[in-house]
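Working through the structure, step by step
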Amino acid sequence: MRRISLSILMLALTLTPRLAWAQDKPKDFAKQTLQEKLQGKWSKTNHRFSFEIKGNKWMEFVAEKPLAASNTGTVEYPPGKDYAIVRAVTGHRLWIFSGGKDVVAVETFGPDGKLWEDGRIFYRFGTVQP
């Protein structure tokens, strides 16, 4: 009986590191949903605005007050679309496209539905930018 218990213990100890590694392994970027790809903080060098996405919440920050959100909104992930839609409390709408692991493209529309400005590229916070 003791030999069987020892064998089971040894087997468990042998498999534990493999199981732990499998759980910690990050999901392949190509297999992530759009929602997973867009999570995080996004910025652009020498640009006044940055933003963060957490789940379906969007927060925009300005350089003058980087610790307090200057604008907030909700993020929708329409099925079958390659972009998310942000509905800001100011009435603005943003379309956010994933451009790869550490880059997104953003189109902004004013409350009247017209294109607000030229599109912008943002990088994941901490990315070494060219």
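This text gives an overview of the structure that appears in the document. (Residues numbered from 1 in each chain as written. Predicted model: local features only at pLDDT ≥ 70, side-chain atom pairs only at ≥ 80, totals over all residues. Heavy atoms only, no water.)

As for the nonpolar core
By size, the foremost hydrophobic cluster in this structure holds 15 residues, and its most contacted members are Leu38, Phe51, Ile53, Trp58, Ile96, Val104 and Val106. At the level of elements, helix 2 (34-38), strand 2 (49-54), strand 5 (83-88), strand 6 (93-98) and strand 7 (103-109) are the ones that each hand at least two residues to this core. Ignoring any residue separated from it by four or fewer positions in sequence, one finds Val104 in contact with Leu38, Trp42, Phe51, Ile96, Phe97, Ser98, Gly99, Arg120, Ile121 and Phe122. (Core = buried A, V, L, I, M, F, W, Y, C linked by side-chain atoms within 4.5 Å. Buried < 20%, exposed > 50% of the residue type's maximum accessible area, 1.4 Å probe, protein only. Helix = DSSP H or I, 4+ residues; strand = E, 2+ residues; numbered from the N terminus. Contact = heavy atoms within 4.5 Å.)

Observations concerning the side chain of Glu52
In this fold, Glu52 is placed in strand 2. In contact with Glu52, not counting residues within four places along its chain, are Gly40, Lys41, Lys57, Trp58, Met59 and Phe61.

Brief notes about the sheet that holds strand 4 (residues 71-76)
Spatially, the eight strands close up into a barrel ordered 1-2-3-4-5-6-7-8, and their pairing is antiparallel. Strand-to-strand twist in this sheet, taken as the mean axis angle between neighbours without regard to direction, amounts to 30°. (Pairing = 2+ DSSP bridges. Axes fitted to C-alpha atoms, helices over the stretch in contact; angles between N-to-C directions.)

Things to note about empty space enclosed by the protein
Using the criterion set out here, one finds one cavity of 30 Å³ or more in the structure. If you go around the largest cavity, the residues you meet are Phe49, Ser50, Phe51, Trp58, Glu60, Leu94, Val106, Arg120 and Phe122. Sorting the residues of the lining of the largest cavity by element identifies strand 2, strand 3 (57-62) and strand 8 (120-124) as the ones contributing at least two each. The element contributing the most residues to the lining of the largest cavity is strand 2, with three residues. (1 Å grid on protein atoms, 1.4 Å probe; cavity = no way out; pocket = protein on both sides within 12 Å on 5 of 7 lines; lining within 4 Å. Points joined across faces, edges and corners; volume = space filled by probe spheres on them.)

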